[in-house]
Amino acid sequence: MGIYNVIRDRFFRHSRVKFRPDQSRILRSASRVFVLSFLTLVVATLPASGQKAPMKWGKIDKKLLEMNSFPQDTNAAAIILCDYGEAYFITLEKIEFKVHTRIKILKEAGYDFGTVTIPYYAKKRTQVVKDIKGQTYTLSDNGKVVKHKLDKKSIFTEKVSENTKQIKFTLPRLEPGAVIEYQYKIISRNPAYLPSWTFQVSEPTLHSEYRVWIPDYFDYVYIFEGSENPVVNETLNEMRFQVDGTLKRWVLKDVPALRKEPYITTLNDYRSRIRFQLSKVMFPGQYMKQYLGTWESLAEELLDSREFGKKCKESGLLSKKALAKIKAYKSQKKKIGVTYNFVRKTMKWNGDKSIFASDDLQNILKKRSGNSADLNFILISILRELGFDAKPVILSTRANGRPVRHYPLASQFNYVITYVKVGNTEYFLDPTDPYRPFTLLPYRALNGFGWLVDKTEPRWVEIPANGSHKKRITVTGKLSAEGVLQGQIVATEFDYSALDSREFIQENDQDEFINEYFTSEIFGAEVDSFHIDDIKIAHKPLRTKIHFSSSEAVQQAGEMIYLTPVLLEKVDENPFKLPHRSFPVDFAYLYDINYTLVLELPEGFVVSEKPTNIRFVLPKRGGSYQRLVQVDGNKLSVMSKLKINKTIFQPDEYKGLREFYDRIVSAQAEQVVIRQNGTESGE
Amino acid sequence: MMKTYQFVAGLFLLLFANLAGLQAAGSEAGNDKKFDIQRIRPDLLLEADAVIRLSEVRFVVKDRKRARTSIRFIATVLNEKGRKLGRQVIQYDKFRKVKKIKGLIRNPDGSVYRKLKKDEIKDFSAISGGSLYDDSRIRYFELYHNRYPYTIELEFELDHNGLIGWPSWYPQKSGYPLELARFELIVPDDVGFRMFPRNLDIDAKITERGGKKRYLWEVKYQPGLHYEPLSPPWSERVPVLMLAPNEFEIDGHPGRMATWHDFAAWYEKLSKGRDVLPDAVRKKVLRLTAGQADPIEKARILYDFFQKNTRYVSVQLGIGGWQPFDARYVTEKGYGDCKALTNYMLAMLKAVGVPSYPALTYRGMRAADVIAEFPSYQFNHVILFVPTAKDTVWLECTSQTIPFGHIGPDNEDRNTLVVGRNWGRIIRTPASAYDQNQQLRRADVVISPSGDGIASVTTIYSGNQQDRVRWALAQKTGRERENWLRKRIDIPRFKLISADFSDVDRKVKQVALPIELNLPRYAIRTGKRLFLKPNLMERWQHVPDAVEERTQPVYFSYAYEDIDSITYKLPGGYRIEAMPDDVEISTDFAEYRASIAMPDAQTLIYKRILRLKKRKLPAEQYEAYRNFVSGIVKADRAQVVLVKK
């Protein structure tokens, strides 16, 4: 937390939803599905309160300053020597969160760690930051340890938004080799806010420790994520200000750096951290107050709330006449489609993701713009008015991270979509993009599971990618003896491929689309004419037809002509450049790309040499590539098929995936040699 | 960083798009037939995404430090692409308060559809990325309607208390056609000011009343400006009327700017007494330079010491946007912004008897040049000017990694205001020639019979090309450096075996980057043939778009030279079946040569030279430049075909 601050105002926004209890326990990251009960597993060996803090302000070993490399990770620009946090209740209403961090700067690239940002929720002084101290240690020319104190006047408070502020400071006299340390406290008046703690950051951490003391009146759920294990994980009973309570302590040591890699959901899905959710409060002589409840109670709370459930059943959003018009359709699917299209086309998503409505739906309709929840609630309300049993599904977007599925935690969701079941057919809808048909969910929503908010049977449901990135391209053409290729491209795109192209056309224009997606791939291609069908009809495939010619698509040398036959959808370079990978590759949806070339050779020319037919696959049917080359008289046909059959590849499959792409790149670079009949002599 | 005012030389283009004034038309938010879309002149609608109906700015000066800007802006949005006109960013700070904001959306007939609500206006802090803290904030809102066409209308006022410059008026600077732009300036007779129009030739209507003059400029019925690739900076392209007062005052610091001398005097006064080094540092710099007589050598030694002991951190509060923190502050903290760090370097040089001067400039790779003949506040940066009897050195003081005396493409070849003791003068930073900005590459590639390659490549970057590499890599560590490199190696399949980044950490004028690569199937084998692309990793692929009628000169960031010499060892048993011809393209602004030599049957030497000799070309040469590039694109993809004997 000390060095990894994230505004948690999300929690406050959502805390108006109340929950009911469950047992306190620690659970591991959802993907690992590894739940360990705190109470049974941990036996306190040492009284944690008797444990000294892992470091003392102002006292450092000179050796730390003399050290100038870190053999365990030569890439490190800084080392988190010790990151220590305490979150203790100091009254029954207040939590004091104290952070003390010490960092070794190895290189200039590590200077970023010398600038500290502490965001906090400032509304009505819910949180207050105090007692900030900082200093930098350097070695003087004659080898003495010198301290440079952080000047109080150089600590700045920035008002970030209406309710949030942040404190910023930068430590003085940074240089490679310096050690910095800083401390601060955040006093929170809301017990719902028990700060989380991050044990793992972008540089290696030697020691990260977190202690919390909680009065027994409060009960929290602990969510421990990441692959690193605590070396200390203890709990014991301890009384403070005459209140019985529990002290917990976690220590992680030698935590490796967590660094970014391409094709992942979010790095936070893999980070070692602990988060808390208040579950219940039981003051003596008072009724127990439930915060974290059962799945049923979460559904109930959400459905009763003004910003959620009430918004799912507003009536009168559509005129009676319009409703009647939709009702007149016989097919249920058609009715859903028409309603979806109404919302999709009328409303503009403002880019904000939320599970709560931002305003009255009537107002939203008038503004014609709203957040993701607003748009879905409009859709749900209208569908309900039409007699459908439409329901909200809440989820966490890819960038927001994988949800924890063991506990009914509302705060982890940031997005809502629409669910309708007709007979045995389930529809998942999200009208937030103008060119997305109702069968398709956006990329951001494709994050595994969502939670169906249903009064009687709330449950996790799998979020389907009801489509793939599918493309069919055929090039038919004629090659002249002079090396001029004249031809026609016919491309049919489906689902995510079509969506991607439609969005491109919308943001740019048709000419640019033709150029960017097709003709710029064929060297020297000039467009004679083109036509794109069904640009605005989102549920239909997107069809593109282009007539083109090029005098430079082939290389001519004397009587020889060399042709690289995969003209389009060519994988020019391997997208997986890194030799190793520690996280899964997550494609979000499947790929299915077929390319065909049918080429008529010039009179008197024959194929002298051609690439062989090949096919190779990824293990466990993860994907396949196939290329066929055929010559039939003066006709050359080439077919190239790429399929990715699963969305997630684990790190141990990475090498295979990388090699798979390497082979595709090579295969598609192979050339066909065409020569004038009877010229290949003497060989 | 030095504080800039957005209406002088902005970052938020959106603000300019909407700089328009109050006054006129008397249209309170009611139904207004005047903005019925039927009234738009048809020729303006041709291929338009939106039409700016009215863009008004009113600037009322009270005295040398107080004024009010009123903006009124009305536009009809015809489709999604015009939508961004409804987005408004208003920047404010200690010296500018936002007075009122109004907005509404009209139906096509001019009737009001809805009004902007207070809670739709967001307030954010606007501390820029490179800054630790400053007092800039923004208000932001968007007027948007999903049914096209619609008309947006917005108004706001800024109260200025503290002025260093006056706003420039941009009647039109976007791709949207314009019906009417007006600028009204009201100035008391006793306030002196000057004007400088560029790409604009109109006269003001001047009226006088009660000791004040009112100037009114109008621009009517203009088609949208269109973008041309490789254009000059936008602020040099668009019509603008620049204004500057003769006297100003900000945060209690009055000054004059009728001449550069006057403005330099103000800046000098702000910095006065701030260049005194704490005793320990003074002794240290004397010790470091002891026995050194040459002022440039002294500067070199101190610059190295300076770079090791400081870093760039920007804090801009009030007058702190212009006044440097003193040398003691930088000593204690080890950081500062461009003003503080330049002042610190100046203080060190002063301590060893080398005079130097701050040089105010406008930094940026494609930034407009400071207009020498119009003394006014046109700056966002300061560097250090060190003239000596023998030579002149310029020092960029915000980088820990830039070599001594090198100021980089974002400072070179432009005007600066050098602030002397009692003098101020425009002095130009030098421009670099192509042979100072080189990328020299030598590679040896051994191709196996199966087509696999092993390459050892050394690329040496110098001058401004060196900056590119250093900027990208200096702040990165091992693995990130390798990943950066992997992304830039333009070879379809490769495995990076090793790379030596040690030059990046040395503050040398040239960065050599030796790498070893495995190139699986570099030469593609089909049956008995091997296809080899002799251009290993310096391929041009894109020709700039054709433009029907080029109106703007062609601008590049800097002149440069790339030379590649690649030697291939070919497998035995093959003969050449096809070989590309040598290519030579020569123009007065650039040259390209690609050639292949075979000293023996198994050695192939590819040589490619590309020189861009001029930084600016007249508009007429755009087509010639395109032809030049398409020739390169073609030549760069040539292949050699080998066939088994």
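Residues numbered from 1 in each chain as written. Chains lettered and ligands numbered in written order. Predicted model: local features only at pLDDT ≥ 70, side-chain atom pairs only at ≥ 80, totals over all residues. Heavy atoms only, no water.

## Some details on the overall build of chain A
In step 1: Across its full length, chain A holds eleven helices and 38 strands.
In step 2: Expressed as lengths along the three principal axes of its C-alpha atoms, the size of chain A is roughly 100 × 80 × 50 Å.
In step 3: Counting only residues that meet the buried cut, chain A has 57% of its 683 residues in that class.
In step 4: Summed over its atoms, the accessible surface of chain A is roughly 28,900 Å², and 47% of this surface lies on carbon and sulfur atoms. (Helix = DSSP H or I, 4+ residues; strand = E, 2+ residues; numbered from the N terminus. Buried < 20%, exposed > 50% of the residue type's maximum accessible area, 1.4 Å probe, protein only. Areas by Shrake-Rupley, 256 points an atom, 1.4 Å probe, with all protein chains shown as cover.)

## Some details on the packing of aromatic side chains
How two aromatic rings sit relative to each other is given by the distance of their centres and the angle of their planes.
In step 1: Summed over all chains, the structure comprises 71 aromatic pairs over all chains.
In step 2: Where F616 of chain A meets Y625 of chain A, the ring centres are 5.5 Å apart and the plane angle is 35°; that geometry is what we call tilted.
In step 3: The class of F616 of chain A is buried, set by a relative accessible area of 6%.
In step 4: What links up through ring pairs into an aromatic cluster is the set Y443, Y496, F576, F587, Y589, Y591, F616, Y625, F649, Y654, F660 and Y661 of chain A.
In step 5: Sitting over the face of the ring of W460 of chain A, R405 of chain A holds its NZ or CZ atom 5.7 Å from the ring centroid.
In step 6: Here the guanidinium or amino end of R311 of chain B rests over the ring plane of Y111 of chain A, the centre of that ring lying 5.8 Å away. (Phe/Tyr/Trp six-rings, centres within 6.5 Å; stacked < 30°, edge-to-face > 60°. Lys NZ or Arg CZ within 6 Å of the ring centre and 35° of its normal.)

## Thoughts on the interface of chain B and chain A
In step 1: The interface of chain B with chain A comprises 62 residues on the first partner and 71 residues on the second.
In step 2: When residues of chain B are sorted by the area they lose upon contact with chain A, L132, R311 and T477 of chain B head the list and together hold 11% of the total.
In step 3: The interface formed by chain B and chain A contains eight salt bridges.
In step 4: The partner of K348 of chain A in a salt bridge is E80 of chain B, and the shortest N-O contact between them spans 3.1 Å.
In step 5: In this assembly, chain B and chain A are joined by 25 residue pairs in polar contact (both at pLDDT 80 or more).
In step 6: With five residues, helix 11 (residues 478-488) of chain B is the largest single contributor of residues to the side of chain B that touches chain A.
In step 7: When its residues are assigned to classes, the side of chain B that touches chain A shows 18 nonpolar, 16 polar and 28 charged. (Contact = heavy atoms within 4.5 Å. Buried area = accessible area lost by both parts, 1.4 Å probe. Salt bridge = Lys/Arg side-chain N within 4 Å of Asp/Glu carboxyl O. Polar contact = N/O pair within 3.5 Å; in protein donor to acceptor, adjacent residues only side chain to side chain. Nonpolar A, V, L, I, M, F, W, Y, C, P; charged D, E, K, R; others polar.)

## Let's talk about the side chain of S297 of chain A
In step 1: Within the secondary structure layout, S297 of chain A lies in helix 4 (residues 295-304).
In step 2: Here the side chain of S297 of chain A touches T294 of chain A through a polar contact of 2.9 Å, landing on its backbone nitrogen.

## Section: the nonpolar core
Nonpolar side chains in soluble globular proteins tend to end up buried together.
In step 1: Residues F308 and W451 of chain A are the most contacted members of the largest nonpolar core, which totals 63 residues.
In step 2: Ranked by the residues each element gives to this core, the list is headed by helix 8 (residues 372-385) of chain A, at eight residues.
In step 3: Beyond its immediate chain neighbours, meaning those up to four positions away, W451 of chain A contacts W295, L298, A299, L302, P392, V393, I394, F413, P458, R459 and W460 of chain A.
In step 4: The next biggest cluster of nonpolar side chains, apart from the first, holds 59 residues, and it includes I515, Y574, Y625 and L642 of chain B. (Core = buried A, V, L, I, M, F, W, Y, C linked by side-chain atoms within 4.5 Å.)

## Comments concerning a negative patch on the surface
In step 1: A cluster of acidic residues, D509, D511, E512, E516 and E521 of chain A together with D545 of chain B, forms a negative patch at the surface.
In step 2: By the secondary structure assignment, E516 of chain A is in helix 10 (residues 510-517). (Patch = residues over 30% accessible without salt bridge, like charges linked within 9 Å, V, L, I, M, F, W, Y side chains within 5 Å. Lys, Arg positive; Asp, Glu negative; His and termini not counted. Charge placed at Lys NZ, Arg CZ, Asp CG, Glu CD.)

## Some details on the side chain of R398 of chain A
Residue and element names in this part refer to chain A.
In step 1: Along the chain, R398 turns up in the loop between strand 20 (391-395) and strand 21 (415-422).
In step 2: One polar contact links R398 to Y443, side chain to side chain, over a distance of 3.4 Å.
In step 3: Each residue touching R398, except ones within four places of it in the same chain, is listed here: T265, T266, Y443, R444, L446, N447, D586 and A588.

## Observations concerning the sheet that holds strand 28 (residues 542-550) of chain A
Residues and elements named next belong to chain A.
In step 1: Within the open sheet, the eight strands sit side by side as 27-28-26-25-32-36-35-34. Their pairing is mixed. The two strands at the open ends of the sheet, each matched to only one other strand, are strand 27 (526-533) and strand 34 (614-618). Across this sheet, the average inter-strand angle for adjacent strands is 10°, counted without regard to direction.
In step 2: Strand direction decides the pairing type here: strand 35 (residues 623-632) and strand 36 (residues 635-644), joined by ten bridges, are antiparallel. Among the inter-strand pairings, V631 is bridged to a residue of strand 36, identified as L636.
In step 3: Sitting on the sheet, helix 9 (residues 495-507) is in contact with strand 25 (469-479), strand 26 (485-494), strand 27 and strand 28, with an inclination near 110° to strand 26.
In step 4: In this fold helix 10 packs onto strand 25, strand 26, strand 27 and strand 28, with an angle of close to 115° to the strand it touches most, strand 27. (Pairing = 2+ DSSP bridges. Axes fitted to C-alpha atoms, helices over the stretch in contact; angles between N-to-C directions.)

## Description of the pattern of salt bridges
One side chain can pair with another of opposite charge once the charged atoms of both are near each other.
Residue and element names in this part refer to chain B.
In step 1: Scanning the entire structure with this criterion turns up 89 salt bridges over all chains.
In step 2: A salt bridge links D413 to R428, with the nearest nitrogen and oxygen atoms 3.2 Å apart. Of this pair, D413 sits in the loop between strand 22 (392-395) and strand 23 (415-420) while R428 sits in strand 24 (residues 423-428); the two residues are 15 residues apart in sequence, bridging distant segments of the chain.
In step 3: Judged by its relative accessible area of 17%, D413 is buried.
In step 4: Residue classification places R428 among the partly exposed positions, given a relative accessible area of 37%.

## Points about the pairing of strand 38 (residues 640-644) of chain B
All names here are of chain B.
In step 1: Counting buried positions along strand 38 gives four out of five residues, so the element sits mostly inside the fold.
In step 2: With four bridges connecting them, strand 30 (residues 529-532) and strand 38 associate as antiparallel partners. Counterpart to L530 in the pairing with strand 38 is L642.

## What about the pairing of strand 12 (residues 205-215) of chain A?
All names here are of chain A.
In step 1: For strand 12, the tally of buried residues reaches ten of eleven residues, placing the bulk of the element in the interior.
In step 2: Where strand 3 (residues 78-89) meets strand 12, seven bridges bridge the pair, whose relative direction is parallel. Its bridge partner lying in strand 12, Y88 is registered against W213.
In step 3: Where strand 12 meets strand 15 (residues 243-255), ten bridges bridge the pair, whose relative direction is antiparallel. Note on strand 15: the bridge partner recorded for E209 is V251.

## Some points on a positive patch on the surface
Residue and element names in this part refer to chain A.
In step 1: Judged by side-chain charge, K94, K123, K124, R125, K130, K159, K165 and R189 come together as a positively charged surface patch.
In step 2: Tracing the backbone shows K159 in strand 8 (residues 156-159).
In step 3: Residue K159 is classed as partly exposed on the basis of its relative accessible area of 37%.

## Looking at the sheet that holds strand 23 (residues 449-452) of chain A
Each strand in a sheet pairs with another by means of backbone hydrogen bonds, the pair being arranged parallel or else antiparallel.
Residues and elements named next belong to chain A.
In step 1: In spatial order, the strands read 22-21-20-23-24; together these five strands make up an open sheet with antiparallel pairing. Looking at strand neighbours, the two that pair on one side only are strand 22 (425-429) and strand 24 (459-462), the edges of this open sheet. In this sheet, neighbouring strand axes are inclined to one another by 35° on average, regardless of whether the strands run parallel or antiparallel.
In step 2: The sheet contact formed by strand 20 and strand 21 spans five bridges and is antiparallel. Pairing of K391 across the sheet is with Y419, part of strand 21.
In step 3: Each of strand 20, strand 23 and strand 24 is contacted by helix 4, which is oriented at about 70° to strand 23, the strand it contacts most.

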